[in-house]
Amino acid sequence: MPENNALEKINITKFQQDLVAWYQAEKRDLPWRREQDPYKIWVSEIMLQQTRVETVIPYFRRFIEQFPTIDSLAEADEEAVLKAWEGLGYYSRVRNLQSAVKEVAENYGGTVPADKTQFLSLKGVGPYTGGAVLSIAYGLPEPAVDGNVMRVISRILTVWDDIAKPSTRKIFEKAVGKLMYKKDPSSFNQALMELGATICTPTSPACLLCPVQNHCQAFEEGVQQELPIKTKKKSTKKLRMGAVVLQASDKTVLIEKRPEAGLLANLWQFPNVELPDGTNPRTFLETFIENEYGIKAAINPEKLIEITHVFSHLTWEIDVYFGTVKEKNEKDRARFVSAADVETYAFPVSHQKIWKHVKGMEQ
Ligand code: SF4
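Note that the structure is a prediction, hence the values are computed from the model and not measured.

Moving on: the overall build of the protein chain. Looking only at helices and strands, the protein chain has 16 helices and 8 strands in total. Among the 363 residues that make up the protein chain, the fraction classed as buried is 50%. Across the protein chain, every contact between residues at least 6 apart in sequence was considered, and the portion connecting residues at least 24 apart equals 68%. For the protein chain, the exposed area adds up to about 18,000 Å²; of that, 49% sits on carbon and sulfur atoms. Across the protein chain, 46 positive and 47 negative side-chain charges occur, with their mean positions spaced 3 Å apart.

Next up, the structure:
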């Protein structure tokens, strides 16, 4: 609970009315808002983590078309599921979703459990997803607190705790629990999310248009730009990588499947390796290809393209080269595939960019 007495100052009933009335009148028409099906709402909430609404809309439509029910996702090949997620990033989200959905199919007769403890015990379902799905699909008065909602509430109640600390979330969950509109938790939670997305935005909150301005402590004190408090993460580690598009004389190219666990698990990629400082990328890559795949490659000296990809904890700076091989050798998880087939495999975004570049050169 906020240490100040902001919650006591607020007229909670009026706050709920102002917020929910605004939401009912102004809410954006999003495909998952037309749904009551807990499975579809669950999919949308997982997609929306770390990803913008505009990006999610076409993915959501395609995903639901391909996997319209719990059973269809539970029974799908992981390869097809990863392909449908390709480009959204944070692939552990969809792997966990599929594991959780399998559990729902096996243990709950294919119905998403409406019990909080049961739902939160599923893989990848944290307090935010749990609160969002249970309130939106089942109308339960559970808080759904993510970074967006923490920002809004930190301003309305002038909470000065650091939202980068995991322990701070509890403060906000308690506060949202107190403010909760129990007659319609679905609209209340979505209204807070909508307010954060459209009005109470991170750098320039549109306070003059805000439906709860009268209730907002930060606005009253003129400190809305100073909240929330969020300490900066340490800068991310940089990794210099070399990658190669390796073509055989029949124009097939070498791709390999990443390991089953860890970053971007089970996605496909072009051969790549970390380049130690001071190495000649071309000779280093030729040696790597020979040692790793048993293939003698001739790599062009000119770089094809440089690609930077930023993960939350790591940045890849990839120098991409083109090379040719006389003899193919398919080892372990590596295989040569035709240009037409490359696109049927699920690649991480950085390697999709590599392929897009190569295709562009051929046109
Ligand atoms: Fe956010 Fe301003 Fe509204 Fe307060 S008045 S909730 S700071 S937009």
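Size of an interface, as often reported, equals the accessible area lost when the parts are brought together. The domain architecture assigned to the protein chain consists of domain 1 (3-221) and domain 2 (237-362). Here domain 1 and domain 2 have C-alpha centroids that lie 38 Å from each other. Between domain 1 and domain 2, the residue contacts involve 9 residues of the former and 15 residues of the latter. Of the roughly 900 Å² buried where domain 1 meets domain 2, counting both sides, 47% is carbon and sulfur surface. Our count for the contact surface shared by domain 1 and domain 2 stands at 1 salt bridge.

Another point: the layout of surface pockets. In this structure, the second largest pocket spans a volume of roughly 430 Å³. Taken together, 23 residues form the lining of the second largest pocket, with Gly89, Tyr90, Tyr91, Leu264 and Phe311 sitting closest to its centre. When contributions to the lining of the second largest pocket are tallied by element, the ones reaching two or more residues are α7 (92-107), β6 (305-310) and α16 (349-362). Class assignment of the residues belonging to the lining of the second largest pocket gives a composition of 11 nonpolar, 9 polar and 3 charged.

Take the packing of aromatic side chains next. Across all of its chains, the model carries 10 aromatic pairs by this definition. When the centroid spacing of 4.8 Å and the interplanar angle of 65° are considered together, the rings of Trp268 and Tyr345 count as edge-to-face. Separated by 77 residues along the polypeptide, Trp268 in strand β3 (residues 268-269) and Tyr345 in the loop between α15 (339-342) and α16 bring together distant segments of the chain. The residues Trp268 and Tyr345 share a single accessibility class, namely buried. Taken together, a centroid distance of 4.9 Å and an interplanar angle of 80° make the contact between Phe311 and Trp316 edge-to-face.

With 12 residues, helix α11 (residues 168-179) ought to run about 16 Å at 1.5 Å a step, and its terminal C-alpha atoms sit 17 Å apart, in line with that. Every buried residue of α11 is accounted for by Thr168, Ile171, Phe172, Glu173, Ala175, Val176 and Leu179. Among the structural elements, α1 (6-9), α2 (12-26), α9 (127-138), α10 (147-156) and α12 (185-198) are those in contact with the buried residues of α11.

Cut-offs applied
- Residues numbered from 1 in each chain as written.
- Predicted model: local features only at pLDDT ≥ 70, side-chain atom pairs only at ≥ 80, totals over all residues.
- Heavy atoms only, no water.
- Helix = DSSP H or I, 4+ residues; strand = E, 2+ residues; numbered from the N terminus.
- Buried < 20%, exposed > 50% of the residue type's maximum accessible area, 1.4 Å probe, protein only.
- Contact = heavy atoms within 4.5 Å.
- Areas by Shrake-Rupley, 256 points an atom, 1.4 Å probe, with all protein chains shown as cover.
- Lys, Arg positive; Asp, Glu negative; His and termini not counted.
- Charge placed at Lys NZ, Arg CZ, Asp CG, Glu CD.
- Domains from an automatic or database assignment.
- Buried area = accessible area lost by both parts, 1.4 Å probe.
- Salt bridge = Lys/Arg side-chain N within 4 Å of Asp/Glu carboxyl O.
- 1 Å grid on protein atoms, 1.4 Å probe; cavity = no way out; pocket = protein on both sides within 12 Å on 5 of 7 lines; lining within 4 Å.
- Points joined across faces, edges and corners; volume = space filled by probe spheres on them.
- Nonpolar A, V, L, I, M, F, W, Y, C, P; charged D, E, K, R; others polar.
- Phe/Tyr/Trp six-rings, centres within 6.5 Å; stacked < 30°, edge-to-face > 60°.
- Expected span 1.5 Å × (residues − 1).

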